[in-house]
Amino acid sequence: MIFTDTHTHLYSDAFADDRKETINRAISKGITRFFIPAIDSEYAQAMFDLEAMFPSNIFLMMGLHPTNVQPETYKAELDFVEKELQRRKYYAVGEIGVDLYWDKTTLGIQQEAFQQQIQWAKEYNLPINIHCRDAFNEVFEVLELEKDTNLKGVFHCFTGTEEQALQAISYNLKLGIGGVATFKNGKIDQFLNKIALEHIVLETDSPYLAPVPYRGKRNESAYIVNIAERVSEIYALPIETIAQQTTANSVAVFGI
């Protein structure tokens, strides 16, 4: 079985003491493909170092995270994103989107940065990787403006309703399913089996949002197996089918 972690921050300081061991532990469990979202320019070198460490397994994204869209710096940060997309190969523009949990005052520039990065993704024929927290309507507003046949990607860490899931899928987005699917109060497990398996991918968002039985601890990519086990229960399908289909879905999105 080959699993794919479509969203993991393996360059995080949370893995400073055992990064190689963490990645090798995941590889030993069949998780051999790791898609790495960007945050801002300060993390870029750590991402490049990670790629150099496991060049056959690590696939980098480039983008400006919505919580790092700040009035004083976001234009310079967007310039960095644009120059990087011109400079080398990336596999997605992300993670990008809107986050109103921490700061509602930056909504306008968050949506501006989101839309600009979607346009670059289309220009470079790349998928997008969407971060959305307390902002489904605000994210959908931008997607509605940019929807066309060139729009594709992943709605990372999907925690919405069935209706919101169907709306996300209508924009040619896969749903990123992670640890929340294992939570008793996660809610998405109540309707996920109504969504065709071809519309979902697996992710950890490590080091965040560890699945049960590791909830509250550091998350890591090896726990994709725990997420896949829960998804196999929800769909009443063998875990081998979940691994095969979700990895095929990730190939459809990222082109590799």
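Before any of the text, the structure's been laid out above.
Strand order in this open sheet of 3 strands is β1-β2-β3, and the pairing throughout is parallel. This sheet does not close on itself; its edge strands, each paired only once, are β1 (3–5) and β3 (58–60). Direction aside, neighbouring strands of the sheet carry axes that sit 20° apart on average. Bridge count between β1 and strand β2 (residues 31–36): 3 bridges; the pairing is parallel. Its bridge partner being in β2, T4 is matched across the sheet by R33. Packed on one face of the sheet, helix α8 (residues 239–254) meets β1 and β2 and runs near 50° to β1.

With that out of the way, let us pick up the sheet that holds strand β8 (residues 200–202). Consider a sheet: its strands pair through backbone hydrogen bonds, and that pairing is either parallel or antiparallel. What the 5 strands build is an open sheet, ordered β4-β5-β6-β7-β8; its pairing is parallel. In the strand order of this sheet, the two ends are held by β4 (93–99) and β8, each with one partner. Direction aside, the axes of adjacent strands within the sheet are offset by 30° on average. Summarising the sheet, strand β5 (residues 128–133) and strand β6 (residues 153–155) pair through 3 bridges and their orientation is parallel. The partner of I128 across the bridge, within β6, is G153.

Criteria and cut-off values
- Residues numbered from 1 in each chain as written.
- Predicted model: local features only at pLDDT ≥ 70, side-chain atom pairs only at ≥ 80, totals over all residues.
- Heavy atoms only, no water.
- Pairing = 2+ DSSP bridges.
- Helix = DSSP H or I, 4+ residues; strand = E, 2+ residues; numbered from the N terminus.
- Axes fitted to C-alpha atoms, helices over the stretch in contact; angles between N-to-C directions.
- Contact = heavy atoms within 4.5 Å.

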